[in-house]
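Chain and residue survey
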Amino acid sequence: QVQLVESGGGLVQAGGSLRLSCAASGSIGSINAMGWYRQAPGKQRELVAVITNGGRTNYEDSVKGRFTISRDNAKNTVTLQMNSLKPEDTAVYYCNAQIREIRYFTYRDYWGQGTQVTVSS
């Protein structure tokens, strides 16, 4: 079994920073892309940032220059450093990873349970 567990969410004032972390655990064979998504009330879930196994990154336009995604392949973790936070960043943030379990040939998408980020004015 594979699990993704997020941590680091919370309440912060506009202009502040938060660091989200996600750890994958279980019978992991290999991990391809890892990323962060977010969903605000009444809105679709959207990609915030993604990082490939080789370290290539992509960001949603509104967070470029403010957020940084990174990963530690040895520890099976992905991190999202969030700086200069704005009230519109308020959402539930979800960790996502494409993981192949050791007993399977194919990769599957796994999701964390979500962590709340609230940015006050």
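Below you will find a few notes about this structure. Sequence order as written defines the numbering, with residues in each chain counted from 1. Local features are withheld for residues below a pLDDT of 70 in this predicted model, meaning they are given only at 70 or higher, and side-chain atom pairs are given and counted only at 80 or more; totals for whole chains, interfaces and linings count all residues. The basis for every side-chain value is the complete set of non-hydrogen atoms in the structure, without hydrogens or water.

**Focus on the overall build of the protein**
What counts is decided by this rule: Helix numbers and strand numbers start at the N terminus; a helix is a DSSP run of H or I with at least 4 residues, a strand a run of E with at least 2. Only the C-alpha atoms count toward the radius of gyration. The rule for a globule is 2.2 Å times the residue count to the power 0.38. Relative accessibility thresholds used throughout: buried, under 20% of the residue-type maximum; exposed, over 50%; partly exposed, between the two (1.4 Å probe, protein chains only). Residue contacts are defined here by distance: any two heavy atoms, one from each residue, within 4.5 Å place the two residues in contact. Working definition of accessibility: Shrake-Rupley area with a 1.4 Å probe, residue cover restricted to the visible protein chains. Counted as positive: Lys and Arg. Counted as negative: Asp and Glu, with His and the chain ends omitted from the count. Where a charge lies is defined by one atom per residue type: Lys uses NZ, Arg uses CZ, Asp uses CG and Glu uses CD.
Each helix and strand in the protein was counted, giving zero helices and 11 strands. Traced from its N-terminal end to its C-terminal end, the protein shows the element sequence β-β-β-β-β-β-β-β-β-β-β. Against the 2.2 N^0.38 benchmark of 14 Å for 121 residues, the protein shows a C-alpha radius of gyration of 14 Å, consistent with a compact globule. When each of the 121 residues of the protein is scored for burial, the buried share is 39%. Taking all contacts inside the protein whose residues are at least 6 apart in sequence as the whole, residues at least 24 apart take part in 56%. Surface summary for the protein: the accessible area is close to 6,600 Å², and the carbon and sulfur share equals 46%. Averaging the coordinates of the 13 positive side-chain charges in the protein and doing the same for the 9 negative ones gives two points 5 Å apart.

**Considerations on the side chain of N96**
Put simply, the rule is: We call two N or O atoms a polar contact when they sit within 3.5 Å, provided that within protein one can donate a hydrogen and the other can accept it, with sequence-adjacent residues counted only if both atoms are side-chain atoms.
Here N96 shows up in strand 9 (residues 91–101). The buried category is assigned to N96, whose relative accessible area is 6%. Looking at N96, its side chain comes within polar contact range of the main-chain oxygen of Y110, at 3.3 Å. Setting aside residues no more than four positions away along its own chain, N96 makes contact with L4, A33, M34, G35, Y37, D109, Y110 and W111.

**Remarks on the environment of A14**
Here A14 shows up in the loop between strand 2 (10–13) and strand 3 (18–26). Exposure remark for A14: the relative accessible area of 41% places this residue in the partly exposed category. Spatially, the C-alpha atom of A14 lies 23 Å from that of Q44, the residues being 30 residues apart in sequence. Beyond its immediate sequence surroundings of up to four residues, A14 is in contact with L85, P87, V119 and S120.

**Observations concerning the nonpolar core**
Stated formally: For our purposes a nonpolar core is just a set of buried Ala, Val, Leu, Ile, Met, Phe, Trp, Tyr and Cys residues, chained together by side-chain atoms within 4.5 Å.
Counting 31 residues, the largest nonpolar core has W36, L80, Y93 and I99 as its most contacted members. Elements represented by at least two residues in this core include exactly strand 1 (2–7), strand 3, strand 4 (28–39), strand 5 (46–51), strand 7 (67–72), strand 8 (77–82), strand 9 and strand 11 (115–120). For this core, the element with the highest residue contribution is strand 9, accounting for five residues. Ignoring sequence-local partners within four residues, the contact set of I99 consists of V2, L4, A24, I28, S30, I31, T106, Y107, R108 and Y110.

Such coordinate-based values are descriptive only and should not be taken to indicate function.
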